[in-house]
Amino acid sequence: YRANIDEITQISEDRFNAIFSNLRNTKGEKTQMFGSCNADPDSWIVNLIHLYIDSETGYHKPEMNGVETYFYQYGDNITEAYWGLTREEVFKQAEPYINEMWDDAMDEYGSKLDLIQSITVFEGKISENKHLMESGGVNYYGKLLKGSLEMKARYAKACWKKLDIGDSLLSDDDMNRMFNNAEQRTGHRYATMDVSGQGK
């Protein structure tokens, strides 16, 4: 059983969990989810793959590429989970939570370690996409490089960290302050205009 999701950062964690949960069977067959995406520092996915990302630079750790890691989610979302490089390592941390969910009658059929899930993350490079490369991929890459610093970081370099692009551009905080504030009167009156010339 397998689910393939392109642009996995565009679905909510709740939807991911619903799909993940439905990938179960009673035949003992392996189930897998495959997801592909561009780097998105605002997505919940960054919390799912945090062991694979350098917290200082936001780039993938080369030594973690393709390494299987294990986790047990004890809370509502993936930020409330224990992680490790082995199931045993996770079990040591999550034992009270796992014991609480375990029925001793299940000992005959499996182990508490079977309740621990795993993921593997691979950094995909544009050059690895032979079809894209053979059909103008270098030019495609060049178009990405025409974008902003944020666009270059996310789409061309797979950076999962928000860029500090300086004070000359509006930040999220600036936008929030502009729309969520109290009326202020200074004695001055202002007019606004549509700089595109399309308004009335």
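The rules behind each value
- Residues numbered from 1 in each chain as written.
- Predicted model: local features only at pLDDT ≥ 70, side-chain atom pairs only at ≥ 80, totals over all residues.
- Heavy atoms only, no water.
- Axes fitted to C-alpha atoms, helices over the stretch in contact; angles between N-to-C directions.
- Helix = DSSP H or I, 4+ residues; strand = E, 2+ residues; numbered from the N terminus.
- Contact = heavy atoms within 4.5 Å.
- Nonpolar A, V, L, I, M, F, W, Y, C, P; charged D, E, K, R; others polar.
- Pairing = 2+ DSSP bridges.
- Core = buried A, V, L, I, M, F, W, Y, C linked by side-chain atoms within 4.5 Å.
- Buried < 20%, exposed > 50% of the residue type's maximum accessible area, 1.4 Å probe, protein only.
- Salt bridge = Lys/Arg side-chain N within 4 Å of Asp/Glu carboxyl O.

K.L.:
So what's going on with the packing of helix H5 (residues 137–145) against helix H6 (residues 149–156)? Residues and values would help.
P.N.:
Look at H5 against H6: their axes get within 8 Å of each other, and the N-to-C directions meet at 145 degrees. The residues of H6 that touch H5, namely those facing Tyr 141, Leu 144 and Leu 145, are Met 151, Lys 152, Tyr 155 and Ala 156. A breakdown of the residues in the contact of H5 with H6 according to their chemical character gives 6 nonpolar, no polar and 1 charged.

K.L.:
Pulling in residues and values, what's your account of the sheet that holds strand S5 (residues 117–120)?
P.N.:
Here we have 3 strands laid out as an open sheet, ordered S4-S3-S5, and antiparallel in their pairing. Of all the strands in the sheet, just strand S4 (81–84) and S5 have a single pairing partner and so form its edges. Across the sheet, the mean angle separating the axes of adjacent strands is 30 degrees when strand polarity is ignored. Bridge count between strand S3 (residues 68–73) and S5: 4 bridges; the pairing is antiparallel. Paired with Glu 68 across the two strands is Thr 120, which belongs to S5. Running over the sheet, helix H3 (residues 87–101) touches S3 and S4 and is turned about 155 degrees from S4.

K.L.:
Tell me what's going on with the nonpolar core, and back it up with residues and numbers.
P.N.:
Membership of the largest hydrophobic core comes to 20 residues, with the highest contact counts inside it found for Ile 45, Leu 48, Ile 49, Ile 78, Trp 83, Ile 119 and Trp 160. Those elements that place two or more of their residues in this core are helix H2 (45–48) and S4. Considering every element that reaches this core, the biggest residue donor is H2, with 3 residues. Not counting residues up to four positions away in its chain, the partners in contact with Leu 48 are Phe 16, Ile 78, Trp 83 and Ile 119. Within the second largest apolar cluster, 7 residues are counted, among which are Tyr 70, Tyr 72, Ile 98 and Ile 116.

K.L.:
Before we move on, can you summarise the environment of Asn 176 with the specific residues and values?
P.N.:
Among the structural elements, Asn 176 can be located in helix H7 (residues 172–179). Among the residues examined, Asn 176 registers a relative accessible area of 43% and is labelled partly exposed. Between the C-alpha atom of Asn 176 and that of Glu 108, which follows or precedes it by 68 residues, the distance is 56 Å.

K.L.:
So what's going on with the pattern of salt bridges? Which residues, and what values?
P.N.:
The full count for this structure, using the stated rule, is 4 salt bridges. A salt bridge links Glu 150 to Arg 154, with the shortest nitrogen-to-oxygen separation between them at 3.4 Å. Taken together, the residues span about one helical turn, with Glu 150 and Arg 154 both in helix H6 at a distance of 4 residues. For Glu 150, a relative accessible area of 36% puts it in the partly exposed group. Among the charged side chains, a salt-bridge network with shared partners connects Asp 40, Glu 150 and Arg 154.

Take it as geometry only, folks, not as evidence of what the structure does.
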